[in-house]
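Now for the letters of each chain:
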Amino acid sequence: MTAFRSLRLPPVLRRLLRPLLDPYRRYRNARVIHAIRVSLGLLATILLTTGINLPHGEWASVTMLVVIGGLQHHGNIGKKAAERAYGTLIGAAVGLLLVLQQAWLGLPWLTYFGMSVVCGFFSYHAIGKGGYTALLSAITVFIVAGHGDNPVTDGLWRTVDILIGIVLALAFSFALPLYAVYSWRYKLAGALRDCASIYSRIISGQSVTDDHYLKLLGHLNAVMVQLRSLMPSVSKEVRISITELDAVQRNLRLCISTLEILANTRPDTRDEQAMAQMQLALKAEHREIRRLLIGMARALQSGTTQRLERNSSEPLLQNAMETPVYSALDGYRLLTRQLASNLNEMRQRLVKSAPHWKI
């Protein structure tokens, strides 16, 4: 990651490579980049194994798919690829031992019994932590040994093919990596923009029961789940603690929950006088909340955090003390101030962690 930050290219080359170097473009085209990377990796395994005429070379390609086919983000690719590689190596070693004992002793029933016991052992550990490694170990036993009747040379060649596939898979897994922190940043920015849209609907008297509003809420809830799943990878990539990421997630969750409550407690939109009173009494809060939401979204997407580092220009609590109190708006006003306070806390967290996620 340090090397990535310090990378400096000539301006002409940088313009040519901009589609690949620009974080937002890489985020938008992540699936295409991953598909191209896997395709090139498979082509490399095919050319290598056929070029040197390795028997059973197709297992190198199978291993390539197993190790990195389902891995996209750089934050989990190293750990997951290593787990899958360990499982493949363990299974290949056990399968080779079974083939050797079958060739030496010639007792099929002992081979069948040994394979069943070994795979039962792997299955026991397949439930729980490291389960995928154990499962791959069991699968690889049969790839190398078959039912124990494979020739020793076939077992050796398949083991070599698997090793080649692992090495190439790990090499291609670090080619043009797709960082989870990009997905985290842009998804969080999109969620904040959706929150700003919802807040605008609430304070302007628009419907909070129509399909568009419900669609925004549904999308926000889905993004919350996606952000949660990205946190472990982001933490590994940019060295932000899970606790800090969880605090930002909690701020977003509180924001969404508060918006839902505000939508149900705002004055009746048919009462023009009550709506006018709300607009007047909370004018500073409305402006500050929109500034925080849009400002954080822009900073996350562009990586420019200078505006976020400025303190609030609106002394909300002081203004609130000077504003006349309307009893019908007390609960609504308190929730609005809590929303502003929560968003300001989220801004401070993003400013503090910016040196890590701003890559």
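Residues numbered from 1 in each chain as written. Predicted model: local features only at pLDDT ≥ 70, side-chain atom pairs only at ≥ 80, totals over all residues. Heavy atoms only, no water.

Colleague: Hey, could you run me through the pattern of salt bridges in this one?
Modeller: Proximity of charged atoms lets side chains of opposite charge pair with each other. Counted by the stated rule, this structure contains five salt bridges. The partner of D246 in a salt bridge is R228, with the nearest N and O atoms 2.6 Å apart. Of this pair, D246 sits in helix α13 (residues 242–265) while R228 sits in helix α12 (residues 211–238), and the two are 18 residues apart along the sequence. As a salt-bridge pair, R349 and E244 come within 3.7 Å of each other at their nearest N and O atoms. Within this pair, whereas R349 is found in helix α17 (residues 330–357), its partner E244 is found in helix α13, the two being separated by 105 residues in sequence. The exposure class assigned to E244 is buried, which follows from its relative accessible area of 17%. Each of R228, D246 and R250 takes part in a single network of salt bridges with overlapping partners. (Salt bridge = Lys/Arg side-chain N within 4 Å of Asp/Glu carboxyl O. Helix = DSSP H or I, 4+ residues; strand = E, 2+ residues; numbered from the N terminus. Buried < 20%, exposed > 50% of the residue type's maximum accessible area, 1.4 Å probe, protein only.)

Colleague: So what exactly am I meant to see when it comes to a nonpolar patch on the surface here?
Modeller: Together, V32, I36, L40, L43 and L47 make up a nonpolar patch on the protein surface, roughly 470 Å² of accessible area in all. Of note, L47 is situated in helix α5 (residues 30–51). Here L47 falls in the exposed class, since its relative accessible area comes to 55%. (Patch = residues over 30% accessible without salt bridge, like charges linked within 9 Å, V, L, I, M, F, W, Y side chains within 5 Å. Areas by Shrake-Rupley, 256 points an atom, 1.4 Å probe, with all protein chains shown as cover.)

Colleague: Help me out: how do you make sense of the side chain of N251 in this one?
Modeller: Here N251 lies in helix α13. Under the relative-accessibility criterion, N251 is labelled buried at 2%. Those residues in contact with N251, other than ones at most four positions away along the chain, are N342, E345, M346 and R349. (Contact = heavy atoms within 4.5 Å.)

Colleague: Even after reading the chapter, I still don't get the UniProt feature "transmembrane region" (unreviewed entry) in the protein chain, so can you show me in this structure?
Modeller: Per the UniProt record, "transmembrane region" (unreviewed entry) is annotated on residues 35–53, 59–78, 85–103, 109–127, 132–148 and 160–182. Across residues 109–127, helical content stands at 95% and strand content at 0%; the span's end C-alpha atoms are separated by 28 Å. This span, residues 132–148, is 82% helix and 0% strand, and a straight line between its end C-alpha atoms measures 23 Å. (UniProt positions renumbered as here; feature names shortened; annotations may be inferred.)

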